[in-house]
Amino acid sequence: MSVAEPLDTVLITGASSGIGATYADRFAQRGHPLVLVARNAARLQELAARLEREYRVKADVLAADLTSSTERAKVEQRLRDDDSIGILVNNAGVGGGSVLAQASPEVVQGMIELNVTAPSRLVAALLPRLLARGHGSIINIASALAIAPELFGGAYAASKSYVLTYTLALHKQVAEHGLRVQCVLPGVTRTEIWDQIGGLDAIPAQMIMEVDEMVDAALSGYDQGEVITIPSLPDIEEWNRFDEARRRMAPELSRNVAADRYKSDIPEDA
Ligand SMILES: NC(=O)c1ccc[n+]([C@@H]2O[C@H](COP(=O)([O-])OP(=O)(O)OC[C@H]3O[C@@H](n4cnc5c(N)ncnc54)[C@H](OP(=O)(O)O)[C@@H]3O)[C@@H](O)[C@H]2O)c1
């Protein structure tokens, strides 16, 4: 009789609320052991206890502020050392103001630490082990703003563009080694993140998705093997056309001559 291999442990950042807590619930429901990361240890412990009770999975709590290099190092160490971890959900994130001229540089820097530096460092910690064993997954939570910065711009949208580009680059490098990567681009989702930004009252109801619907769609995209998942987008061909237009430009993006439009003589009557 063959013994089934244990399911991979999933490490989820920002698991104390919203999208991260919902991912924790769904992966626990699927039978995966969990490592839950965020700052608020009490909330993580409460969630871990519920998941252990409801789904009979092991759920560890690893409280850490991912903007602190010393606290983040504990999470990096866990990813390097814990052979059971095979799935990383880089979800923790904050907003950083939408009007660039008014944004505090310190707030923007803290946001970049959390939205950009932390996921990059956690992937760097985990990747060598996943590559060595030849399977595993990395799910990065970006935002629809990664491709629509005009909707609610500022440095937040730029941080999410980083997550998108990073995931595409990662996919190119690891897919042939058996690893799965996915970037999720949620639209407006009802979570506590909106308490910092000023609430959802000004946003039309038809633009707001409930968090269960968002995460279930993202996991459906994951199960279907998508690299890019945009839960709201009705027709995936819209994304495919956008991506294809970008790829079509690629051969022209680096040449030994400048484009003609930059070489025309300045008209005499200018
Ligand atoms: N909700 C939306 O409309 C929406 C749309 C697109 C993308 N997203 C993205 O989805 C992700 C999850 O956000 P959410 O909507 O679920 O918001 P949320 O409910 O506010 O959750 C954010 C999570 O990140 C954790 N976190 C915040 N600062 C942290 C830090 N310094 N170190 C460690 N953990 C930290 C929070 O826990 P603690 O406070 O306990 O640390 C919390 O668990 C974010 O990356 C966000 O940018 C959200």
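Just above sits the structure.
A brief report on the enclosed structure follows.

Cut-offs applied
- Residues numbered from 1 in each chain as written.
- Predicted model: local features only at pLDDT ≥ 70, side-chain atom pairs only at ≥ 80, totals over all residues.
- Heavy atoms only, no water.
- Core = buried A, V, L, I, M, F, W, Y, C linked by side-chain atoms within 4.5 Å.
- Buried < 20%, exposed > 50% of the residue type's maximum accessible area, 1.4 Å probe, protein only.
- Helix = DSSP H or I, 4+ residues; strand = E, 2+ residues; numbered from the N terminus.
- Contact = heavy atoms within 4.5 Å.
- Pairing = 2+ DSSP bridges.
- Right-handed = clockwise from strand over helix to strand, strands pointing away.
- Axes fitted to C-alpha atoms, helices over the stretch in contact; angles between N-to-C directions.
- Parallel < 35°, antiparallel > 145°, perpendicular 65-115°, else oblique.
- Left-handed = near helix turned anticlockwise from the far one by under 90°.
- Near = heavy atom within 4 Å.
- Polar contact = N/O pair within 3.5 Å; in protein donor to acceptor, adjacent residues only side chain to side chain.
- Areas by Shrake-Rupley, 256 points an atom, 1.4 Å probe, with all protein chains shown as cover.
- Nonpolar A, V, L, I, M, F, W, Y, C, P; charged D, E, K, R; others polar.

**A short note on the nonpolar core**
Most often, soluble globular proteins have nonpolar side chains that are buried together.
Then, number 1: Core analysis: the largest hydrophobic core is formed by 34 residues, its most contacted members being Leu-11, Val-37, Val-75, Leu-79, Leu-88, Ile-138 and Ile-228.
Then, number 2: For this core, the secondary structure elements donating two or more residues are strand 2 (34-38), helix 3 (69-81), strand 4 (85-90), helix 4 (105-133), helix 5 (154-174) and strand 6 (179-184).
Then, number 3: For this core, the element with the most residues is helix 4, which contributes eight residues.
Then, number 4: Residues within four places of Val-37 in sequence aside, it is in contact with Leu-11, Ile-12, Thr-13, Gly-14, Ala-15, Leu-44, Leu-62, Ala-64, Leu-66 and Val-75.
Then, number 5: Counting 30 residues, the second largest nonpolar core, distinct from the first, contains Ala-24, Ile-139, Val-184 and Leu-219.

**A look at the pairing of strand 3 (residues 59-63)**
Then, number 1: For strand 2 and strand 3, the ladder comprises five bridges, and the chain directions are parallel. Opposite Val-35, over in strand 3, you have Asp-60 as the bridge partner.
Then, number 2: Taking the sense of rotation as the criterion, the β-α-β connection linking strand 2, helix 2 (residues 41-55) and strand 3 turns out right-handed.

**With respect to the packing of helix 4 against helix 5**
Then, number 1: Contact geometry for helix 4 and helix 5: axes closest at 9 Å, N-to-C directions at 10 degrees. Classified by the interaxial angle, the pair formed by helix 4 and helix 5 is roughly parallel. Here helix 4 runs over helix 5; the crossing is right-handed. On helix 5, the residues touching Val-108, Met-111, Asn-115, Val-116, Ser-120, Val-123, Leu-127 and Leu-131 of helix 4 are Ala-155, Tyr-156, Ser-159, Lys-160, Tyr-162, Val-163, Tyr-166, Leu-170 and Val-174.

**So, the site of the ligand**
Then, number 1: Around the ligand lies a shell of 30 residues, among which Arg-39, Asn-91, Tyr-156, Thr-189 and Thr-191 are the nearest.
Then, number 2: Asn-40 has a polar backbone atom sitting 2.9 Å from an oxygen atom of the ligand.
Then, number 3: In the complex, the protein chains occlude 93% of the 880 Å² of accessible area that the ligand would expose alone.
Then, number 4: Broken down by secondary-structure element, the contributors of at least two residues to the shell around the ligand are helix 1 (18-29), helix 5 and helix 6 (193-197).
Then, number 5: Of the residues contributing to the shell around the ligand, the split by class is 14 nonpolar, 12 polar and four charged.

**Some words on unusual backbone geometry**
Then, number 1: For Arg-56, which is not a glycine, the phi torsion comes out positive at approximately 55 degrees.
Then, number 2: By secondary structure assignment, the location of Arg-56 is in the loop between helix 2 and strand 3.

**Regarding the packing of helix 1 against helix 7 (residues 211-223)**
Then, number 1: Viewed as axis vectors pointing N to C, helix 1 and helix 7 meet at an angle of 55 degrees, and their least axial separation amounts to 9 Å. The angle between helix 1 and helix 7 falls in the class oblique. Two packed elements cross with a definite hand, and for helix 1 against helix 7 that hand is right-handed. Every residue of helix 7 that contacts helix 1 at Gly-18, Ile-19, Thr-22, Tyr-23, Arg-26 and Phe-27 is listed here: Val-211, Asp-212, Met-214, Val-215, Asp-216, Ala-218 and Leu-219.
Then, number 2: Its residues placed into classes, the contact of helix 1 with helix 7 shows eight nonpolar, two polar and three charged.

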